[in-house]
Amino acid sequence: MISLERVSFSYGKQKILTDVSLSVPERSIFGFAGPNGAGKTTTIKLILGLITPDTGTIRLSGLDLAHHRKEVLSRIGSLVETPSLYPHLTAEENLEISRRIYGTEKSSIDRVLTSTGILSAKKKKVKEFSLGMKQRLGIALALLHSPSILILDEPINGLDPEGIQEFREFLKNLVKADGVTILLSSHILSELEQIITHAGIISAGKIRFQGTLDELKLKQNGKLLIQVSDPEKAVSILTENGYIPEKPENNWLSLPVTGQQDAADVNALLVAGSVSVYQLKPEQPNLESVFFDLIQREVTE
Amino acid sequence: MKLLLSLISTEMIKLRRTLALWMVVIAPSIVVLLQSLIMLNQKEGIGYDADLWLMYSTNILSIWGIFMFPMFCCLVVALVYHYEHVNGGWQRIYTLPVPEWMILVSKQASAFYLLVLSSFFLFGLTIAGGWLTGYFHPAIDMPDDIPVAEMALRSVKVLGASLFVFAIQNWVSYRWSSLSVPIGTGIAGTFFALFATGWKYGYLYPWLLSLNSVFGNDGRDVTALIVGISGGLFVLLAMVVFRKRNS
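Reading the values: rules and limits
- Residues numbered from 1 in each chain as written.
- Chains lettered and ligands numbered in written order.
- Predicted model: local features only at pLDDT ≥ 70, side-chain atom pairs only at ≥ 80, totals over all residues.
- Helix = DSSP H or I, 4+ residues; strand = E, 2+ residues; numbered from the N terminus.
- Buried ≥ 20, exposed ≤ 12 C-beta atoms within 10 Å, placed from the backbone.
- Contact = placed C-beta atoms within 7 Å.
- Axes fitted to C-alpha atoms, helices over the stretch in contact; angles between N-to-C directions.
- Parallel < 35°, antiparallel > 145°, perpendicular 65-115°, else oblique.
- Left-handed = near helix turned anticlockwise from the far one by under 90°.
- Nonpolar A, V, L, I, M, F, W, Y, C, P; charged D, E, K, R; others polar.
- Domains from an automatic or database assignment.
- Expected span 1.5 Å × (residues − 1).
- Arc of directions from axis to C-beta.
- Pairing = 2+ DSSP bridges.
- Core = buried A, V, L, I, M, F, W, Y, C linked by C-beta atoms within 7 Å.

Some details on the overall build of chain A
Counting its regular elements, chain A contains 11 helices and 13 strands. A principal-axis box enclosing the C-alpha atoms of chain A has dimensions of 75 × 45 × 35 Å. A total of 301 residues make up chain A; the buried ones form 39% of that total. If you take every contact in chain A between residues at least 6 apart in sequence, the share linking residues at least 24 apart comes to 70%.

Below you can see the structure in the form of structure tokens.
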């Protein structure tokens with residue numbers, strides 16, 4: 001649906017993206033993550049045609065953006081960084097501006113205001129909106145022309161927990177009911193994890209990973225949390241036996257492991273060394289830890 | 001064409017409840033009011049044989065052309081672009097499925113539309129103001145026969161020759177995101193016009209073109225008009241061809 005092939009981009013002499021290849025499958029919610037300055041927003045701006053790549057090709061629905069800009073953009077709804085709104089105009093007037101350009105029905109304004117939950121603020125000036133309401137209006141603008149691709153850069157910013165929950169359901173429903181493909185970037189990785197079906201991780205202008213969420217989680221080994229009677233002695237025993245335990249907190253140790261057998265071996269070692277083991281808990285990797293692990297690995301390498 | 005008209009209509013929506021729109025009425029009103037007060041203050045009337053309507057409208061056009069119009073133009077044009085600079089509007093506009101050149105043309109057209117509108121107001125207010133001045137001043141008898149064609153031609157010339165200043169303000173307002181740059185350009189341009197009048201080729205100074213297009217002697221009026229229109233069109237076209245902005 002969205003594909004970037006060996007795309008590179010520089011600002012002057014500063015290389016921002018190097019040979020970025022990315023493929024966002026149809027009807028997926030693709031989480032695009034990376035630390036600040038990694039190239040997320042630049043990638044999104046390239047996909048939206050706001051900037052042009054030095055090399056490489058960008059295709060949306062099979063159409064080359066460089067040669068079919070108008071057709072491609074008519075299929076995309078986007079919200080990049082903060083919503084671009086005119087504060088002295090009402091929500092309705094802000095939407096009317098886009099409606100006239102897309103040539104959609106008058107009723108589309110009420111439709112998107114209803115679906116984003118701000119219909120009651122239709123006649124209210126945007127300067128009186130809270131940050132969360134502005135964000136909702138930004139999303140309403142992106143959805144006005146019923147796009148088949150939705151690109152959202154940090155859309156959760158400014159939403160309260162209830163709003164985030166609603167937003168998650170809203171996006172899932174968009175994919176389910178309307179078959180929309182969503183590219184979503186956010187630094188709140190725990191929020192991405194609950195929405196996305198696919199993920200891409202970018203760091204220092206290079207794609208470090210792309211695939212399904214499960215494939216991403218497989219990238220990182222689990223951890224074992226162990227509650228013991230004597231943490232310092234336990235650290236010493238484990239270190240002598242080639243394990244690398246993290247600094248203990250209270251009576252708990254955290255230990256990277258590769259499989260179930262490790263848990264049994266660690267338990268046996270500690271018991272043999274006269275350390276009582278109260279609890280052994282496997283810790284499942286979440287997107288946040290996988291992400292940091294991937295980035296950390298890149299830095300180390 | 002339909003898409004361009006839609007874009008221009010969206011620019012009109014953006015101007016709702018803005019100072020730019022109010023200025024279309026306020027700026028000509030101030031000039032007409034000022035000239036009417038000057039005439040009403042002359043207790044003995046004009047005191048010499050003159051075509052009162054042409055004299056009255058000439059004075060108004062002079063104040064308008066040399067001072068009020070350049071300032072009004074710089075403010076209105078700056079505001080038309082400023083709403084995009086401050087609200088990240090360019091980013092949104094350029095993701096719309098419209099040709100990029102059309103976006104700029106719609107901005108230029110909508111800003112020019114405001115100038116045309118203000119010129120119409122000025123023309124209408126000149127007639128209304130002249131009539132009221134004659135009505136209230138016992139010694140000033142404005143003739144019933146108003147030289148509408150001559151007055152209209154002069155207004156059109158002033159507007160046409162102002163195209164160069166309008167284009168400069170467009171380019172500056174688009175290129176720089178800070179409102180102070182176009183406003184500063186407008187003030188500086190108007191201020192230096194005072195000095196340019198004494199220079200041999202001063203009549204070609206962009207901020208003096210509108211005045212010279214009506215009152216220039218020895219063919220300077222035609223030259224000023226041609227330079228104003230062609231210079232303006234050149235800058236506006238170059239702006240669209242070499243799109244580059246700093247925001």
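Notes on the packing of helix 3 (residues 52-86) of chain B against helix 8 (residues 180-196) of chain B
Residues and elements named next belong to chain B. Their axes nearest at 9 Å, the elements helix 3 and helix 8 cross at an angle of 165°. By the angle between their axes, helix 3 is roughly antiparallel relative to helix 8. You can see that helix 3 and helix 8 cross each other, and the crossing is right-handed. Residue-level inspection shows Ile 66, Phe 67, Pro 70, Met 71, Cys 74, Val 77 and Ala 78 of helix 3 in contact with helix 8, the latter providing Pro 182, Ile 183, Thr 185, Gly 186, Gly 189, Thr 190 and Ala 193. Its residues assigned to classes, the contact of helix 3 with helix 8 shows 10 nonpolar, four polar and no charged.

Quick word on the domain arrangement of chain A
For chain A, the domain assignment lists domain 1 (2-217) and domain 2 (223-284). Relative placement of domain 1 of chain A and domain 2 of chain A: their C-alpha centres are 44 Å apart.

A short note on helix 1 (residues 2-14) of chain B
Taking 1.5 Å of rise per residue, 13 residues should cover 18 Å, and helix 1 of chain B covers 19 Å from first to last C-alpha, within 8% of that figure. Among the residues making up helix 1 of chain B, those that are buried are Leu 7, Thr 10, Glu 11 and Lys 14 of chain B. Burial along helix 1 of chain B is one-sided: seen end-on, the buried residues are contained in an arc of 105°. Facing away from the buried side of helix 1 of chain B, by more than 90 degrees, are the exposed residues Lys 2 and Leu 5 of chain B. Those residues of helix 1 of chain B hidden inside the fold are in contact with helix 3 (91-102) of chain A together with helix 3 and helix 5 (100-136) of chain B.

Structural notes on the sheet that holds strand 11 (residues 223-228) of chain A
Strands belonging to one sheet form pairs held by backbone hydrogen bonds; the direction of such a pair is parallel or antiparallel. All names here are of chain A. The three strands are arranged 12-11-13 in an open sheet whose pairing can be described as antiparallel. What marks the edges here is a single partner per strand, and that holds for strand 12 (252-256) and strand 13 (277-283). Each strand axis lies, on average, 20° off the axis of its neighbour in the sheet, ignoring direction. Pairing geometry for strand 11 and strand 12, over five bridges, is antiparallel. Across the sheet, residue Gln 227 finds its bridge partner in strand 12, namely Trp 252. Here helix 9 (residues 231-240) sits on the sheet in contact with strand 11 and strand 12, set at roughly 20° to strand 12.

Digging into the environment of Tyr 135 of chain B
Mapped onto the secondary structure, Tyr 135 of chain B falls in helix 5. Distance from Tyr 135 of chain B to Val 172 of chain B, taken between C-alpha atoms, is 44 Å for residues 37 residues apart in sequence.

A closer look at the interface of chain A and chain B
The interface is formed by 20 residues belonging to chain A together with 20 residues belonging to chain B. Among the elements that line the side of chain A that touches chain B, the one with the most residues is helix 3 of chain A, at five residues. When its residues are assigned to classes, the side of chain A that touches chain B shows 10 nonpolar, six polar and four charged.

Remarks on unusual backbone geometry
For Glu 154 of chain A, which is not glycine, the phi torsion reads 50° and is therefore positive. Along the chain, the position of Glu 154 of chain A falls in the loop between strand 7 (149-153) and helix 6 (161-178). Phi is positive for Arg 17 of chain B, close to 60°, though the residue is something other than glycine. Considering the arrangement of structural elements, one finds Arg 17 of chain B in the loop between helix 1 and helix 2 (19-41). Exposure remark for Arg 17 of chain B: the 11 C-beta atoms within 10 Å place this residue in the exposed category.

Things to note about the sheet that holds strand 1 (residues 2-11) of chain A
All names here are of chain A. Taken together, four strands build an open sheet; the order of strands is 2-1-4-5 and the sheet is antiparallel. Strands with a single pairing partner mark the edges of an open sheet, and in this sheet they are strand 2 (14-24) and strand 5 (63-64). Examined bridge by bridge, strand 1 and strand 2 share seven bridges and lie antiparallel to one another. Each residue of the ladder has a partner; that of Leu 4, found in strand 2, is Leu 22.

Some remarks on the nonpolar core
Residues Ala 140, Ile 151, Ile 182 and Leu 184 of chain A together with Val 76 and Val 77 of chain B are the most contacted members of the largest nonpolar core, which totals 128 residues. With residues up to four places along the chain from it excluded, the contact list for Ile 151 of chain A reads Ile 44, Ile 47, Leu 48, Ile 76, Ser 78 and Leu 183 of chain A. With 12 residues, the next largest nonpolar core counts Ala 234, Ile 237, Leu 238 and Val 275 of chain A among its residues.

Some thoughts on the environment of Val 227 of chain B
The residue Val 227 of chain B is located in helix 10 (residues 220-241) in this model. The contacts of Val 227 of chain B, once residues within four sequence positions are left out, are Phe 164, Leu 204 and Leu 209 of chain B.

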